Amino acid sequence: MKIPFTKMQGLGNDFVVLDGVRQSISLSAEQIRRLGDRRFGIGFDQLLLVEPAREAGHDFRYRIFNNDGSEVEQCGNGARCFARFVHDQHLTDKAEIRVETARGVIVPKLEADGLVSVDMGSPRFIPEQIPFLAEADAIIHPLEVAGRTIDLTVVSMGNPHAVQVVDDVDTAPVTAIGALIEAHPRFPARVNAGFMQIVSRSEIRLRVFERGAGETLACGTGACAAVVAGIRRGLLDDTVLVHARGGDLTIRWQGDQSPVLMTGPAVTVYQGEIAL
Ligand SMILES: N[C@H](CCC[C@H](N)C(=O)O)C(=O)O
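Residues numbered from 1 in each chain as written. Predicted model: local features only at pLDDT ≥ 70, side-chain atom pairs only at ≥ 80, totals over all residues. Heavy atoms only, no water.

**Considering the site of the ligand**
Here's step 1: In the vicinity of the ligand, 15 residues are found, and the nearest of them are Gly-76, Glu-210, Arg-211, Gly-220 and Thr-221.
Here's step 2: Between Asn-13 and the ligand, the recorded distance is 2.8 Å, taken from a side-chain N or O atom to a nitrogen atom.
Here's step 3: Burial of the ligand by the surrounding chains reaches 100%, relative to a free accessible area of 370 Å².
Here's step 4: Among the cavities detected, the one that contains the ligand is the largest cavity.
Here's step 5: Taken together, the elements giving at least two residues each to the shell around the ligand come down to helix 2 (76–88) and helix 4 (220–232).
Here's step 6: Its residues assigned to classes, the shell around the ligand shows three nonpolar, 10 polar and two charged. (Near = heavy atom within 4 Å. Polar contact = N/O pair within 3.5 Å; in protein donor to acceptor, adjacent residues only side chain to side chain. Areas by Shrake-Rupley, 256 points an atom, 1.4 Å probe, with all protein chains shown as cover. 1 Å grid on protein atoms, 1.4 Å probe; cavity = no way out; pocket = protein on both sides within 12 Å on 5 of 7 lines; lining within 4 Å. Sits in = over half its atoms within 2 Å of the grid points. Helix = DSSP H or I, 4+ residues; strand = E, 2+ residues; numbered from the N terminus. Nonpolar A, V, L, I, M, F, W, Y, C, P; charged D, E, K, R; others polar.)

**Quick notes on the packing of aromatic side chains**
Where two aromatic rings form a pair, the distance of their centres and the angle of their planes describe that pair.
Here's step 1: Applying the stated rule across the entire model yields five aromatic pairs.
Here's step 2: With 5.8 Å between their ring centres and 75° between their planes, Phe-60 and Phe-82 make a pair best called edge-to-face. On the criterion of sequence distance, the pair formed by Phe-60 in strand 4 (residues 60–66) and Phe-82 in helix 2 is long-range, its members being 22 residues apart. Grouping residues by exposure puts Phe-60 and Phe-82 together as buried.
Here's step 3: The structure contains a cluster of three or more aromatic residues connected by ring pairs, namely Phe-60, Tyr-62 and Phe-82.
Here's step 4: Above the face of the Phe-125 ring, Arg-232 is positioned so that its terminal group lies 3.8 Å from the ring centre. (Phe/Tyr/Trp six-rings, centres within 6.5 Å; stacked < 30°, edge-to-face > 60°. Buried < 20%, exposed > 50% of the residue type's maximum accessible area, 1.4 Å probe, protein only. Lys NZ or Arg CZ within 6 Å of the ring centre and 35° of its normal.)

**Thoughts on the domain arrangement of the protein**
Here's step 1: Under the domain assignment, the protein is made up of domain 1 (2–116 + 265–275) and domain 2 (127–258).
Here's step 2: Taking only C-alpha atoms, the centre of domain 1 and the centre of domain 2 are 24 Å apart.
Here's step 3: Each side of the interface is counted separately: domain 1 has 19 residues, and domain 2 has 21 residues.
Here's step 4: It is Leu-11, Gln-74 and Arg-103 that lose the most area in domain 1 upon contact with domain 2, and together they represent 38% of the buried surface on that side.
Here's step 5: Viewed at the interface, domain 2 and domain 1 are joined by two salt bridges.
Here's step 6: Residues Asp-68 and Arg-190 are paired through a salt bridge, measuring 3.0 Å at the closest nitrogen-oxygen approach.
Here's step 7: Summed over the shared surface of domain 1 and domain 2, the number is 10 residue pairs in polar contact (both at pLDDT 80 or more).
Here's step 8: For the side of domain 1 that touches domain 2, the element with the highest residue contribution is helix 2, accounting for three residues.
Here's step 9: Taken together, the residues of the side of domain 1 that touches domain 2 break down into four nonpolar, 10 polar and five charged. (Domains from an automatic or database assignment. Contact = heavy atoms within 4.5 Å. Buried area = accessible area lost by both parts, 1.4 Å probe. Salt bridge = Lys/Arg side-chain N within 4 Å of Asp/Glu carboxyl O.)

**A few points about the pattern of salt bridges**
Working definition: two side chains of opposite charge can pair if their charged atoms are close together.
Here's step 1: The full count for this structure, using the stated rule, is 20 salt bridges.
Here's step 2: For the salt bridge of Asp-59 with Lys-94, the shortest nitrogen-to-oxygen distance reads 2.4 Å. Placement of the pair is Asp-59 in the loop between strand 3 (46–52) and strand 4 and Lys-94 in the loop between helix 2 and strand 6 (99–101), with a sequence separation of 35 residues.
Here's step 3: Arg-190 is paired through a salt bridge with Glu-182; the nearest N and O atoms lie 3.2 Å apart.
Here's step 4: What makes Arg-190 partly exposed here is its relative accessible area of 29%.
Here's step 5: One salt-bridge network, in which partners are shared between bridges, spans Lys-7, Asp-14, Arg-38 and Asp-45.

**Regarding the pairing of strand 10 (residues 148–156)**
Here's step 1: Strand direction decides the pairing type here: strand 9 (residues 141–145) and strand 10, joined by five bridges, are antiparallel. Considered in strand 10, the bridge of Leu-143 is made with Ile-150.
Here's step 2: As consecutive antiparallel partners, strand 9 and strand 10 are separated by two residues, and within that stretch Ala-146 has a phi angle of approximately 50°, a positive value.
Here's step 3: Bridge analysis of strand 10 against strand 11 (residues 160–165) gives four bridges, and the strand direction is antiparallel. Each bridged residue has a counterpart across the sheet, and for Thr-153 the counterpart in strand 11 is Val-163.
Here's step 4: The loop that links strand 10 with its antiparallel partner strand 11 comprises three residues; one of these, Gly-158, has a positive phi angle of about 105°. (Pairing = 2+ DSSP bridges.)

See below:
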């Protein structure tokens, strides 16, 4: 069976996007892994599947699969590419769309300047909501990793994030320590590991070792989680420029249960079709 696909990227975090509205698509984890293979398949960090909404008042459903085939709750860079895709494919003419995800509704909006802004919903901190094994919410949770104690701030943006502050992201042990945090037993569903360097109260540099994908050039939910973590720690103001290795995002959060707002690019690279 041949299926059409669109290759997209948000700050170098790359995606294959499939239209599950005009055609019913069901892929096994093995098929997703094969499509995601950068030599034997198309290659992507995540696969995004667009589906019809299940509830009235919503425009679409959005499913996200990591490169390792795992289905996950949320993807920030993917949300911007999703919005660009459904607009360019004429699946909607709305600039602002309401999208169902596994953990709530997000609202991407195509901006006049070509960027895409997304209301990513409110962050969650209660350990069971991350999920993270801990007695109670705390701004900093010490975690034993490879004989070291690392101070983590844990945040759910629908998907789980563990954020630490480092002096220099360029020299931080992202691959070695990120992999150990991702698989740490206190994160029963694994976790995305963020490494944040504070440049000023309105600017950070960030690298993320993503659950199920390894280090990516940018992580949208990781940027949201890092800014929320920095604000909770009293290190950042409510609007922050985030420098990822693939480019910049602007993240805004005004605390408590207010939503996290993310703005950044979404780019179509090419279209193709592939035999499954
Ligand atoms: N690896 C993530 C999903 C993709 C998130 C990232 N690509 C983003 O832009 O938010 C997870 O397993 O929760």
